[in-house]
Amino acid sequence: MDDLDLVQPRCPNCGTVMVDDRRGFWCEHCRYLDDHAAEFAAVVVPPDFDGPGIRGG
Ligand SMILES: [Zn+2]
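What counts, and at which threshold
Residues numbered from 1 in each chain as written. Predicted model: local features only at pLDDT ≥ 70, side-chain atom pairs only at ≥ 80, totals over all residues. Pairing = 2+ DSSP bridges. Helix = DSSP H or I, 4+ residues; strand = E, 2+ residues; numbered from the N terminus. Axes fitted to C-alpha atoms, helices over the stretch in contact; angles between N-to-C directions.

K.L.:
Sorry if this is basic, but what is going on with the sheet that holds strand β1 (residues 19-21) here?
P.N.:
Adjacent strands of a sheet form backbone hydrogen bonds with each other and so pair up, either parallel or antiparallel. Judged by pairing direction, the sheet is antiparallel, and its three strands sit side by side in the order β1-β2-β3 without closing on themselves. Edge positions in the sheet fall to β1 and β3 (33-35), since each has one partner strand and no second. Strand-to-strand twist of the sheet, defined as the mean angle between neighbouring strand axes without regard to direction, takes the value 30 degrees. Across three bridges, β1 lies against strand β2 (residues 24-26) in antiparallel orientation. Pairing of D21 across the sheet is with G24, part of β2.

Right under this line is the structure:
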């Protein structure tokens, strides 16, 4: 059993298990980059989301 298969995506081009990258995952075999940078940015909640005066007081 290979635990990596449970958490790591596979390359859509060659099926190699992809490795972590700061932008998502990438394939060492064919250098395909699965870019999730936009998704990671969307997860961040604005720090002043529930701040006072959001409805004008
Ligand atoms: Zn690949």
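K.L.:
Is there a simple way to think about the environment of C11 in this case?
P.N.:
Tracing the chain through its elements places C11 in the loop between α1 (4-7) and β1. Counting along the chain gives 18 residues from C11 to H29, while the straight-line C-alpha distance between them is 8.9 Å.

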